[in-house]
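# Breakdown of the fold
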Amino acid sequence: MPGSADVVRNRFQACRAARVGALLLPLLLLAACSSPPVYTTQRPAAPDGAPAPQQTQRMSAAQNSIARMVGLQDRLYRVAAPLLINNADLCKSQARNLLGFTAKNKYSYPGEFADAAQTALGYNEHLQVSGVLAGSGAARAGLRKGDTLVAADGKLLPRGANAETQAAAIFGPLVASRATLSMTIGRAGVDQKLNVPVTRACAFRVDLGNADNINSYADGQRVMLTRGMINYAQNDEAIAYVMAKDMAHNILGHATAQRSTATLGSVIDNLSDVEPDLSMLIGSAGIKAMPQELDAAADTLALYLLARAGYGIDNAARFWQRLATSYPASVLNGYTANHPGIAHRVAAINKGVAEIKAKQAGKKPLLP
C-alpha cells in the first residue's frame, strides 16, 4: 500500500504528464494543473452533519484562489493573443495550427479545488471554454467563454477526469489536416454547430506562476509570468514586454543552449500549481544567469515581436531599467538575478528600437 507521500508524488507526476500532453493539444495555450494539498489531520464534522468551520473556510479560500488565478490567466491570454498570432512566421518550427481557445472542467483542478471550481466557475464533468484567443479562428467563429464542448467533426468529446488528455487525441489530427473544423457546442442548454477556422500561431503555452517573486521563465516551449511580475508590470504593455522577451528566448533556443531546460521546466511545473512549493525559490532555484549576449539577442527579437503585435516599444528600455533598479541582481529569484546584464541589454534595446523605427518609416518589412 503506497504511503501518502507516494500518492502525492504519483499525482504530481500524472499532472506533469498531462501538462506535457497539453503542449500538443491544439486548443490549449493556457492550462492549470495542480497537485493537491496534503492533509495530516482529520477535520471534524459539525454536530448536525454540516461541514466543519475549518472545511468551510478552506473551501472559501480555495474558491477565492481559483477566482484570482482565472482573472490573471485571462489577462495573460488577452496580452498574449497578438504576440502569438502575428508572429507565427518568426516562431518558425514552433508555430502550429491552433483553434485558439482554452477548455477546462472541474477536474482541471484536483482535490478540493475541483469542488471549488464547480462552485466558483460553474464547471462540471464537461469541458467548457475557459478563454478565447482574440483574433483567432475560434473568436471569428463566435465561440464564447462558457460554451460546452459537445463534438468535433461529429465525434463526441470526452468528459470527466481525463477529458483534457482525451480531447487532445481527438483534436490533434483534425486540426493538423484541415483549414476549418466543424464543432458542436452547447450554449444556454441548446446545441449549436460552428465552423472554426484553424489559426497559425506560435504554439507557446502561457502560464501563470502562483508566486510573488518578480520573475518570468521560459523553458523552450512555455512562457510563465509570476503573479508578482504581473503586479509589478501593472499595465498590459509592460506585461507584453516580459512575455515577448520570454517568447524570444524560446524561439532562439536559449534554454537548450544553457542546458537549463529541465531546471526551468521544473520551476514552471511547480509554480503552475494552485499551491506551489515555494521552498523551490530559495536561493537561485538552480537557474543559471543568462549571458548578456543571449539576453541582448532576445531583447532585440522581442522588440520585433512587440511591434508586429501592435504594442509600443518606446518605453521598453525604461521598463527594464526601472525593474533592475527596484529589484537588482542581489535579490535572489528576481528577474535581474537571472538576467544581470542590464547595461548591455539596454544598449541593444535602444539600437533595436531605432532600427525598427527606421524600417517603419521606410515601410519596410519588420523582419530582424
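Residues numbered from 1 in each chain as written. Predicted model: local features only at pLDDT ≥ 70, side-chain atom pairs only at ≥ 80, totals over all residues. Heavy atoms only, no water.

## Some points on the state of the cysteines
Defined as follows: Two cysteine sulfurs form a disulfide in these notes if their separation is within 2.5 Å. By definition, any uninterrupted DSSP run of H or I lasting at least four residues is a helix, any uninterrupted run of E lasting at least two residues is a strand, and each is numbered from the N terminus. Per-residue accessibility, obtained with a 1.4 Å probe over protein chains only, is compared with the maximum for each type, and a residue is labelled buried under 20%, exposed over 50%, and partly exposed between these values.
Counting across every chain of the model gives one disulfide. Residue Cys-91 pairs covalently with Cys-202 via a disulfide, S to S 1.9 Å. Looking along the S-S bond of the Cys-91-Cys-202 disulfide, the torsion reads about 90 degrees, which is the right-handed sense. Residue Cys-91 is found in helix 3 (residues 88-91), and its partner Cys-202 is found in strand 8 (residues 199-202); the two are separated by 111 residues along the sequence. Residues Cys-91 and Cys-202 agree in their burial class; the two are buried.

## Observations concerning the packing of helix 8 (residues 236-251) against helix 12 (residues 316-326)
Selection rule: In this analysis an axis means a line fitted to C-alpha atoms, helices contributing only their contacting stretch, and an angle means the value between N-to-C directions, from 0 to 180 degrees. Each angle is binned into one of four classes, with values under 35 degrees roughly parallel, values over 145 roughly antiparallel, values of 65 to 115 roughly perpendicular, and all other values oblique. In this description, contact between two residues means that some pair of their heavy atoms is separated by no more than 4.5 Å. In this classification, Asp, Glu, Lys and Arg are treated as charged, Ala, Val, Leu, Ile, Met, Phe, Trp, Tyr, Cys and Pro as nonpolar, and every other residue, Gly included, as polar.
For the pair helix 8 and helix 12, the least separation of the axes is 10 Å and the interaxial angle reads 85 degrees. One finds that helix 8 runs roughly perpendicular with respect to helix 12. Along its contact with helix 8, which presents Ala-238, Tyr-241, Val-242 and Lys-245, the element helix 12 presents Ala-316, Phe-319 and Trp-320. Looking at side-chain class alone, the contact of helix 8 with helix 12 contains six nonpolar, no polar and one charged residues.

## Examining the packing of helix 12 against helix 14 (residues 342-361)
Running from amino to carboxyl end, helix 12 crosses helix 14 at an angle of 170 degrees, the nearest separation of the two axes being 9 Å. The orientation of helix 12 relative to helix 14 falls into the category roughly antiparallel. Two secondary-structure elements touch here, helix 12 through Ala-316, Ala-317, Trp-320, Gln-321 and Ala-324 and helix 14 through Ile-342, Arg-345, Val-346, Ile-349 and Asn-350. In the contact of helix 12 with helix 14, the residues fall into seven nonpolar, two polar and one charged.

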